[in-house]
Amino acid sequence: MAEFLAPPGHPCQPAALVASSIAGKAFKIGPPDVDLEEPVLKAGADSIKGSISILQHIANGSALYPEAAKGDVDKWLGSASTIEHESKAWVDPFASAGDFSDEDRAKSQAALTSALTALEAHLAGGNAHVAGGALTIADVYLAAVLQPLFGSVLSAAARAPFPATLQWLQALGSQPEVAKSLGTISLCAAAEGWCAPAPKDDGRRKKKKGKGNNAAAGGEGGAAQQAGAGAAGADDEELDPEKAAKKAAKLAEKAAKAAKFAAKQAAQEAAAAAKNNNKQAGGEGGDKKAAAKAEAEAKKKAEAEEVARLLAEVAATPKGAKKDTSKAAAKAYNPKIVETGWYEWWEQCGFFKPDVTSDKPPFVIVIPPPNVTGALHIGHALTNSIQDTITRWRRMSGYNTLWVPGTDHAGIATQTVVEKKLQKERGVTRHDLGRDAFLKEVWQWVDEYGGRICDQLRRLGSSVDWSRKVFTMDESLSRAVNEAFVRMYADGVIYRDNRLVNWCCRLKTAVSDIEVDYVDVPRRTLMSVPGYDEPVEFGVLTSFAYPLEDGSGEIVVATTRPETMLGDTAVAIHPDDPRYKHMHGKHVVHPVSGRKIPIICDAELVDMSFGTGAVKVTPAHDPNDFKTGKRHNLPSINIFDDNGLINAEGGPFVGQPRFKARVTVVDMLKEKGLFRGTQDNEMRLGLCSRSKDVIEPILKPQWWVKCDDMAARSCAAVRSGELEIIPKEFEAVWFRWLENIRDWCISRQLWWGHRIPAYYVHFEDEGAGGGSPGMPSEDMSRWVVGRTREDAEKAAAAQYPGRKVALSQDEDVLDTWFSSGLFPFSVFQWPNNSVDLSKFYPTSLLETGHDILFFWVARMVMQGLQLTGKVPFKQVYLHAMVRDAHGRKMSKSLGNVIDPLHVIEGITLDGLHATLAAGNLDAKEVARAKAGQATDFPEGIEECGTDALRFALCAYTTQARDINLDIKRVVAYRHWCNKLYNAIRYASMNLPEDYVPPTDAAAREAGFVAGLPAPSRWLLSKLSVAAGTVVKAMEAYDFATATQKLYSFWQYELCDVYIELMKPVMALGDDVPEQAAAKRGTRDALWLALDAGLRLLHPFMPFVTEELWQRLPKPPAAPGQKPTPPSIMIADYPAAVPAWEDAQLEADYNYLSSVIARVRGLRSDYGLLKQRPHLYVVVGDAAKAAVLARSTLEVATLSSSSEVTVLGPGAGAGSPPAGCGVAIVDDATVAHLALRGVLDPALEIAKLQKKVGEVEGRLEALAKKVGLPGYADKTPDAVKAEDADRKAKMEAERGAALAAIADMQKLLEAGA
């Protein structure tokens, strides 16, 4: 039997046990081996090493490792392995035994947060398991590595961002087959932060080897061992003294926690009963309630009136003028008040514009131009939030920044929208109007909606240079498009050819390969097709016979598209197929047209094993048949017109829609006795990504771009490092697509767009014999190209000397992506050698969604290299795609497309419904969308403001494939803005009017920090670390880490800790020099933290940071230094200050934080709100005792204790009084909260006894149910497991209550 060996406490062991139980593969477990670095599974002479390999081996062949989902399972196994590795810095026994620095833990925390965020995003989409639809080994391994994290490291606040993960983990832990190996999924009791175990010193680890060394260990074990001796039991004799002490203390803590929980529950029940009694009493109580309600309503009314007054005040600020921040701020954060006015002032001051004469390093970015087909959606908001965050950060970091704005004309989309609008409002088509009149309508539509898009960019805070705003149909950009076409044609890169195109009958235009979405049709399936009232059948292979011309028999062919037989020009067989040897060189007769069709031999097209081994050939409507036709010189018969109707080549079927003809053609075959049956057939169906119509391959003469050479150069640019793609994982996608690229059809049969600068030559003396451009009769040699008509006429004259010619310009326009591909240099007036082009091209970065990597990014690189000889940007950063909270793609018809302004300003459900009426959805789509809105936003969308929206979007960005946006998270950040607001308000109350902040130079001097109080030195150390972490994250475009660090600094370090610690200091008098100095140092640290904290946060939250920064006092201008800038957006971005960093002090405060967290947990367990009991801390480590002894004020302040007494080496002697609540902080520290005089033991005992009675009643009822006849045989296993679980929980609840009663009894006997 195989043997499993692992280091002590390794998470692979419980995961392997679960897998073994489910997969039915037994092995024995050897004793823990401290010398092992990773687990090993020994099977004879073979050894399997590493968690992933072992678990894959155990699960292989079972349901835990399904073949169909192995890719996904392996992906999440990799994620679990990452968590296992990074957790070692935090989770015992590895964390205590290892030598992990704060930096190590910070790196691990970032990696763990990233992994947890990815898992949360996946599970938040409604997935019950991480891969496939059932439990897999990936679930098991992830649960095993996450259990200790959630149980001992992640506090309530730290795990709050991962609710779906916690729910999944608890659900998994409740499954019997998992629970028996993993045990109970417990949660860390700390309220805040990441809880790391204290490292054990080397001396103690050595002493553990011997027994009876209690005195040598510092004596900390003795008291604890005596206190818990009864609970610990005789098994302690097998442990050394230290282990025995720890075990006893843990048992004591467990009993205390149970008592506290029961006390809290009883207190809540008593409060509820009292409230109910008040209700029943009525009378005076009712009057009090009415008065309280009236008072609350009056207060709310007064607040609303104050907000209205302040809004009117800021709205009165002249446009472009600076807002007056000298007046009193609002009492609470209000996005409208804060955001009004700042953008206009920034723009007026020219802060968004670069300096073309500057010698600063340039940072240049062009906006992915949004379409003018409507308003920006939340995906655009993500793109612009990220880009503006990067741009503002670079600007503050000393770069000469330029962010070029623009919009795209979006040929197909815009023309479609305007055509629908005309049909809906006026009942006319574009053909009714004519080209010029229709284009006038489009321009009017663009003028209306283009402005709206720009307004939204302003509301988002986008710091773009509006003086350089472009539109892809502007004269300058249109000139660049013409130039590009002419140059690429002259270089032989653009050519004309009659080839199959992807034709969309709905849009009546060709579309490129990457605008075709493919769906798999596994079998006979009915599908809705635009333009058809009845669903159309796909996934069917229809067989029919062609009679041989000589009457000697027939040959049967099979097809998924029987209507295309009208254009068949051959039947192909394999030359080696013995069944058809006698048919070589023969012909069949077409049953509709009577044409003679040759039987051809083609080994490349025909698979003898598929169908009948005979294949119909339709060169004009199938890519493979087209190639076959070229090889055999077959005619190509196009049977469809541009609307998808059968044309004259279809004989009696002319005018029929293609999918109706599918039915009538089969009926004809049946009538003629040629039908041979149907069968299910798996197939792939191409759909137009815009209209969802079924793509029809049609033969048409079009303009094409030769892509192979440009694609090879684009690949070489990435391989050489000239172009960097971030995340790197997309490099493989880049290479795969470009190395298999096909030539690009750039003709579009539209009116809106850049008309192709190509002209067809007609000879005046030839009549109608010259062919028609775009039709089968076209003579492709007749085309000439010119920048203008005059240039084209000269080219025609040179090509046809002495002939009288007339030119007609191509009616088609260029693919929108052709002009968009020129965007990075056409915005700088290319082909002119402008100042902007020489200064700002190539650009620095292209930031966009990974979904347009091929639509746009690849084409920009190819065209940039072809036309300028340079890559158009040095880096490409691809962000995740935004989906709704359910993981669905944003879709207007689903009603889940979110307008950023609705999030910023808020909107009611009725308001959301109203937006649908203004769109172009049909009645069914409107009804469906309304239902979707009502489900997702039953109360509408709460006003969040721009800053909260931007911060949330950036926080979601983890370089993953998709992010599921929950508006509730945006709302949470809106409330967090109020926290920032209140911090500045507090500062304004504690920084007197004559306060002068320290200059930057003074604050960086070595002696500055040394003179500060310890909390101030700790804050500046945390600030420096935060600044360094954020800058590093920004350099890597790791916005999730940057936002997490900023949130953590502001929320947990500045607001929750430092501002609270300030309060007793600020209460000191100014008469005592030491106290005055402490107040001054505390104020200086606060100011430095607020000033730098706002500057760190500004790129993410531009409005609220500007508002608050303007309200801070400013330091005097030091000699030789530049004065304070007028705006935070052009202030310096903070960097780490090594002189401020104090790793030991931070470690001391981490220790203090762990003590405070445990005490807060005690208070919560006992339901203590306003009471401030005495805190005793027993410490067995002299160094820790010293830290506590000099920090009693801080601990008392943050733990709401009246006094803190430290007992231990180098501190006070003695023991805590009887009747204390107990909580173990670490192996050397135990907190005792004095409850004498705080709680009434008799009352608590009565409540607990009542609780015991209730629980016993429920247990009795359950016992009766389980004892019923037939329960054991007839009750489903799931129900029995649920009942057993309920019983265990109730027994635990009863046990906890009884233990609490005993605890309260001791308190009562002690005379509390």
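Residues numbered from 1 in each chain as written. Predicted model: local features only at pLDDT ≥ 70, side-chain atom pairs only at ≥ 80, totals over all residues. Heavy atoms only, no water.

**Q** I tried to follow the overall build of the chain on my own but got confused; where do I start?
**A** Across its full length, the chain holds 47 helices and 37 strands. The principal-axis extent of the C-alpha atoms belonging to the chain is close to 120 × 85 × 75 Å. Counting only residues that meet the buried cut, the chain has 51% of its 1312 residues in that class. Contacts spanning at least 24 positions in sequence make up 77% of the contacts within the chain whose residues lie at least 6 apart. Taken as a whole, the chain presents about 57,200 Å² of accessible surface, with 52% of it coming from carbon and sulfur. Put simply, the chain has 153 plus and 166 minus side-chain charges, and the middle of one group is 2 Å from the middle of the other. (Helix = DSSP H or I, 4+ residues; strand = E, 2+ residues; numbered from the N terminus. Buried < 20%, exposed > 50% of the residue type's maximum accessible area, 1.4 Å probe, protein only. Contact = heavy atoms within 4.5 Å. Areas by Shrake-Rupley, 256 points an atom, 1.4 Å probe, with all protein chains shown as cover. Lys, Arg positive; Asp, Glu negative; His and termini not counted. Charge placed at Lys NZ, Arg CZ, Asp CG, Glu CD.)

**Q** Looking at this structure, how should I read the sheet that holds strand β17 (residues 587-589)?
**A** Strand pairing in a sheet relies on backbone hydrogen bonds. The paired strands run either parallel or antiparallel. The mixed open sheet is built from four strands, whose spatial order is β17-β18-β16-β19. Only two strands of the sheet have a single partner each, and these edge strands are β17 and β19 (614-617). Adjacent strand axes in the sheet meet at a mean angle of 30°, parallel and antiparallel pairs treated alike. Two strands pair when backbone bridges link them, and strand β16 (residues 570-573) and strand β18 (residues 596-601) are joined in this way by three bridges, in the parallel orientation. Of the residues in β18, the one forming a bridge with Ile573 is Cys601. (Pairing = 2+ DSSP bridges. Axes fitted to C-alpha atoms, helices over the stretch in contact; angles between N-to-C directions.)

**Q** Help me understand the sheet that holds strand β27 (residues 783-785) in this model?
**A** If you walk across this open sheet you meet the three strands as β27-β26-β28, and the pairing is antiparallel. Of all the strands in the sheet, the pair left with one neighbour each is β27 and β28 (805-809). When the angles between neighbouring strand axes are averaged without regard to direction, this sheet yields 40°. Two strands pair when backbone bridges link them, and strand β26 (residues 758-763) and β27 are joined in this way by three bridges, in the antiparallel orientation. Across the sheet, Tyr759 pairs through a bridge with Val784, a residue of β27.

**Q** Teacher, can you tell me more about the packing of helix α45 (residues 1241-1266) against helix α47 (residues 1277-1309) here?
**A** For any two helices packed against each other, the geometry is given by the interaxial angle and the distance between the axes. Taken N-terminus to C-terminus, the directions of α45 and α47 make an angle of 160°; their axes are 9 Å apart at the nearest point. Relative to α47, α45 is oriented roughly antiparallel. Considering only the axes of α45 and α47, their crossing is left-handed. (Parallel < 35°, antiparallel > 145°, perpendicular 65-115°, else oblique. Left-handed = near helix turned anticlockwise from the far one by under 90°.)

**Q** What am I meant to see in the environment of Leu909 here?
**A** On the secondary structure map, Leu909 appears in helix α32 (residues 909-917). Each C-alpha atom, one on Leu909 and one on Glu729, is 41 Å from the other, the two residues being 180 residues apart in sequence. Look past the residues within four positions of Leu909 in its chain and what remains in contact with it is Gln933, Ala934, Phe937, Pro938 and Gly940.

**Q** Help me understand the packing of aromatic side chains in this model?
**A** The geometry of an aromatic ring pair is captured by the separation of the ring centres together with the interplanar angle, meaning the angle of the planes. Scanning all chains against the criterion turns up 37 aromatic pairs. Joined through ring pairs, the aromatic side chains of Phe951, Tyr973, Trp976, Tyr1047, Tyr1052 and Phe1100 make up one cluster. Here the guanidinium or amino end of Arg499 rests over the ring plane of Trp704, the centre of that ring lying 4.4 Å away. One cation-aromatic arrangement involves Lys1114 over Trp1109; the distance from NZ or CZ to the ring centre is 4.4 Å. (Phe/Tyr/Trp six-rings, centres within 6.5 Å; stacked < 30°, edge-to-face > 60°. Lys NZ or Arg CZ within 6 Å of the ring centre and 35° of its normal.)

**Q** What exactly am I supposed to notice about unusual backbone geometry here?
**A** Residues other than glycine predominantly adopt negative phi, and peptide bonds predominantly adopt the trans conformation. The omega torsion of the bond from Trp830 to Pro831 falls at 15°, within 30 degrees of zero and hence cis. For the bond from Tyr841 to Pro842, the omega torsion is 0°, close enough to zero to count as cis. You can see Pro842 is positioned in the loop between α29 (835-840) and β30 (843-849). At Lys692, a residue that is not glycine, the phi angle is positive and equals roughly 65°. Structurally, the position occupied by Lys692 is in the loop between β21 (683-688) and β22 (696-705). Phi is positive for Tyr1037, close to 55°, though the residue is something other than glycine. Looking at the element boundaries, Tyr1037 is found in the loop between α38 (1014-1035) and α39 (1039-1066).

**Q** I keep staring at the packing of helix α35 (residues 967-990) against helix α40 (residues 1073-1097) and nothing clicks. Help me out?
**A** Where α35 meets α40, the closest approach of the two axes is 11 Å, and the angle between their N-to-C directions is 145°. Handedness of the crossing formed by α35 with α40: left-handed. Of α40, the residues touching α35 (which contributes Trp976, Leu980, Ala983, Ile984, Ala987 and Asn990) are Arg1083, Leu1086, Leu1090, Leu1094 and Leu1097. Taken together, the residues of the contact of α35 with α40 sort by class into nine nonpolar, one polar and one charged. (Nonpolar A, V, L, I, M, F, W, Y, C, P; charged D, E, K, R; others polar.)

**Q** Looking at this model, I keep getting lost on the side chain of Thr407. Mind explaining?
**A** Structurally, the position occupied by Thr407 is in strand β7 (residues 406-407). The contacts of Thr407, once residues within four sequence positions are left out, are Pro369, Pro370, Val372, Ile453, Val470, Phe471 and Thr472.

**Q** Even after reading the chapter, I still don't get the pairing of strand β5 (residues 362-366), so can you show me in this structure?
**A** Two faces belong to every sheet, and in a regular strand the side chains alternate between them. Within β5, four of the five residues are buried, leaving the element largely enclosed by the surrounding structure. Direction of pairing for β5 relative to strand β6 (residues 400-404): parallel, over a ladder of five bridges. When the sheet's bridge partners are listed, Phe363 is paired in β6 with Thr401.

**Q** Help me understand the pattern of salt bridges, please; the structure alone is not making it clear to me.
**A** When their charged atoms lie close together, side chains carrying opposite charge are able to pair. Under the criterion given, the structure shown has 66 salt bridges. Between Arg690 and Glu515 there is a salt bridge whose closest N-O contact spans 3.4 Å. One end of the pair, Arg690, is in the loop between β21 and β22; the other, Glu515, is in the loop between β10 (509-511) and β11 (516-521), with 175 residues separating them in the sequence. A residue is classified by how much of its surface remains accessible, and Glu515, at 1% relative accessible area, is buried. Measuring nitrogen to oxygen at the nearest pair gives 3.3 Å for the salt bridge that ties Lys979 to Asp1056. With Lys979 in helix α35 and Asp1056 in helix α39, the pair connects residues that are 77 residues apart, well separated along the chain. (Salt bridge = Lys/Arg side-chain N within 4 Å of Asp/Glu carboxyl O.)

**Q** What exactly am I supposed to notice about the environment of Leu1259 here?
**A** Among the structural elements, Leu1259 can be located in helix α45. Of the residues examined, Leu1259 reaches a relative accessible area of 13% and is grouped as buried. Not counting chain neighbours up to four residues away, the residues in contact with Leu1259 comprise Lys1287, Met1290, Glu1291 and Arg1294.

**Q** How should the side chain of His574 be read in this particular structure?
**A** If you trace the backbone, His574 turns up in the loop between β16 and β17. In this structure the side chain of His574 is engaged in a polar contact, spanning 3.0 Å, whose partner is the backbone nitrogen of Asp576. The residues touching His574, leaving out its near neighbours within four places in the chain, are His584, Asp602, Ala603, Val606, Met608 and Gly613. (Polar contact = N/O pair within 3.5 Å; in protein donor to acceptor, adjacent residues only side chain to side chain.)

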